[in-house]
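Secondary and tertiary structure notes
Listed below are the residues making up each chain.
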Amino acid sequence: MDAPASSINGFTGLLLGLLLSGPAGAARPLGPPIEELLADPELIRIASVTALEKTDSQTIRFAVRKRVSGEAPDEVLLRTDAATAATVVVGSRYVVAWSHLRKNRRFREGYETDPDGPAIAKVRGPGTVALFEQTPEISYLFSPGVVGDPAQAERQLDALLEQMGRADPRSRSLVASQLLLRPDLSAKMDQRRAAKLESLLALDELIPQHRDLLLQTALRMDAELQGRWLAETFRKVIIQYGTQYDLSSFVPALVLTAARGLQQTGDAGDVELLSTLLYSNNPGVAKAALAAMDSLDRGAAAAKVEQALRRDWIHTETRRALNRYRDPPEPTRPGS
């Protein structure tokens, strides 16, 4: 299962500054996760494999069926965490990325051979273990030359949307991150693809992290593709999760996106719903709601701010933001 974010800002920073991390501990500025996994065949090796056996609770032997990136023997023994290993089905096919190196700053190249043996990589940000059930879409997306070919952008988008509908949580993290971090693909959205995205967002089994990333992607679509359904989706999120969240989860980030989304897609009638978020236990959510309310109906927003300030249970940081909104500081004059 993907690692939770400790805060909205932490989550956003990790995702937008996505870093590849695995047994080699590499860290460098990068972008979409598929491109990053394919970027350095010496560091990260990728293959289509069949699971042969679990030699212990955290080690799996795979037969290499097709080399995708980097060198690979005919069989490879890979380490991973126990939770991931438990999901592997012997005899099933996967696309896996791994490294035989680990970080060591004492060496000029920064890496050394891992004495514990090769281990499956992770994509930091979504926290995804790079082991994906093999499907036609995953095989296509990891084919050499595909992700960097502008002529295949529409087919990539279709493959990502189709894969998102499959119940593989690791590939859903990969796909949702890829969609968000490839804004050029959003430009390829049309009515058919927007309808597909709408159907994906209607899936009850989506975890908050994946729903958040898809909603951020939807906000980048042309306005004529968003329709009423997107605003309704944002409203549903706010109603579903209320105001009190587990702050170590992805829920605050999702609700914050919903508030920002209504600022873009909602109307003055949404001020009432957004005003409930002023009582959130996460001030980032409250501030996003305040900005949306002000944008949709400043007069109604001011009245809701006054009402909230009369309560004694709003977050201290939220109270400061509401006071600044009600009584904004005078602009500093040059030379004063």
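Please read these numbers as outputs of a predicted model, since none were measured by experiment.

Turning our attention to the overall build of the chain. Across its full length, the chain carries 15 helices and 11 strands. Put simply, the chain has 336 residues, and 51% of those count as buried. Of all intrachain contacts in the chain linking residues separated by at least 6 positions in sequence, the fraction that spans at least 24 positions is 63%. Split by element, the accessible area of the chain, about 15,800 Å² in all, is 51% carbon and sulfur.

Axis separation between helix 13 (residues 283–296) and helix 15 (residues 316–326) bottoms out at 9 Å; the angle between their running directions is 25 degrees. Comparing the axis directions of helix 13 and helix 15 gives the class roughly parallel. Both helix 13 and helix 15 take part in a crossing whose hand is right-handed. Contacts from P283, A286, K287, L290 and D294 in helix 13 reach E317, T318, A321, L322 and Y325 in helix 15. Grouping the amino acids of the contact of helix 13 with helix 15 by side-chain chemistry returns 6 nonpolar, 1 polar and 3 charged.

Before going further, it helps to spend a moment on helix 5 (residues 153–164). Relative to the 16 Å expected for 12 residues at 1.5 Å per residue, helix 5 spans 16 Å between its end C-alpha atoms, a close match to the ideal helical length. All of the buried residues in helix 5 are A153, Q156, L157, A159, L160, L161, Q163 and M164. In this fold, the buried residues of helix 5 make contact with helix 4 (136–141), helix 6 (169–180), helix 7 (183–186), helix 8 (191–201) and helix 9 (208–219).

Attention now moves to the pattern of salt bridges. In the structure shown here, the tally under the stated rule is 22 salt bridges. Here R193 makes a salt bridge to E154, at a shortest N to O gap of 3.4 Å. Of this pair, R193 sits in helix 8 while E154 is found in helix 5, placing the two residues 39 residues apart along the sequence. With relative accessibility at 4%, the residue R193 sits in the buried group. Classification of E154 by relative accessible area gives partly exposed; the value is 41%. As a salt-bridge pair, D190 and R193 come within 3.0 Å of each other at their nearest N and O atoms. Look at D190 and you get partly exposed, because its relative accessible area is 29%. Salt bridges here are not isolated pairs; linked through shared partners, they connect E154, D158, D190, R192 and R193.

What follows covers the environment of R311. Its location among the elements puts R311 in the loop between helix 14 (298–309) and helix 15. We classify R311 as partly exposed; its relative accessible area is 33%. A sequence separation of 32 residues divides R311 from Y279, and the C-alpha atoms of the two residues are 9.1 Å apart. Residue contacts for R311: discarding those within four places in its chain leaves Y279 and R319.

This brings us to the packing of aromatic side chains. Under the definition given, this model contains 2 aromatic pairs. The interplanar angle of 20 degrees and the centroid separation of 5.9 Å between the aromatic rings of F132 and F142 together place this pair among those described as stacked. Of this pair, F132 sits in strand 11 (residues 131–133) while F142 sits in the loop between helix 4 and helix 5; the two residues are 10 residues apart in sequence, bridging distant segments of the chain. Exposure class is identical for F132 and F142. Each is buried.

The subject of this paragraph is the nonpolar core. The biggest cluster of nonpolar side chains holds 78 residues, and the ones touching the most others in it are L37, I46, F142, L214, L274 and L277. By size, the runner-up hydrophobic cluster in this structure holds 17 residues, among which are A47, I60, F62 and V64.

Take the environment of A302 next. Tracing the sequence through the fold places A302 in helix 14. With 12 residues separating them in the primary sequence, A302 and L290 have C-alpha atoms 9.4 Å apart.

The end-to-end C-alpha distance of helix 10 (residues 223–241) is 26 Å, a good match for the 27 Å that 19 residues give at a rise of 1.5 Å each. In the structure, helix 10 departs most strongly from a straight axis at W229, where the bend amounts to approximately 50 degrees. If you check which residues of helix 10 are buried, you get L225, Q226, W229, L230, A231, T233, F234, R235, V237 and I238. On the buried face of helix 10, the contacting elements are helix 8, helix 9, helix 11 (251–265) and helix 12 (271–275).

What follows concerns the packing of helix 11 against helix 13. Between two packed helices, what matters for the description is the angle formed by their axes and the separation of those axes. Where helix 11 meets helix 13, the closest approach of the two axes is 8 Å, and the angle between their N-to-C directions is 10 degrees. As the angle between them shows, helix 11 and helix 13 are arranged roughly parallel. Listed contacts from helix 13 to P252, V255, L256, A259, R260, L262 and Q263 of helix 11 are G284, V285, A288, A289, A291, A292, S295 and L296.

Definitions and cut-offs
- Residues numbered from 1 in each chain as written.
- Predicted model: local features only at pLDDT ≥ 70, side-chain atom pairs only at ≥ 80, totals over all residues.
- Heavy atoms only, no water.
- Helix = DSSP H or I, 4+ residues; strand = E, 2+ residues; numbered from the N terminus.
- Buried < 20%, exposed > 50% of the residue type's maximum accessible area, 1.4 Å probe, protein only.
- Contact = heavy atoms within 4.5 Å.
- Areas by Shrake-Rupley, 256 points an atom, 1.4 Å probe, with all protein chains shown as cover.
- Axes fitted to C-alpha atoms, helices over the stretch in contact; angles between N-to-C directions.
- Parallel < 35°, antiparallel > 145°, perpendicular 65-115°, else oblique.
- Left-handed = near helix turned anticlockwise from the far one by under 90°.
- Nonpolar A, V, L, I, M, F, W, Y, C, P; charged D, E, K, R; others polar.
- Expected span 1.5 Å × (residues − 1).
- Salt bridge = Lys/Arg side-chain N within 4 Å of Asp/Glu carboxyl O.
- Phe/Tyr/Trp six-rings, centres within 6.5 Å; stacked < 30°, edge-to-face > 60°.
- Core = buried A, V, L, I, M, F, W, Y, C linked by side-chain atoms within 4.5 Å.
- Bend = angle between axes of the 7 residues up to and from the residue.

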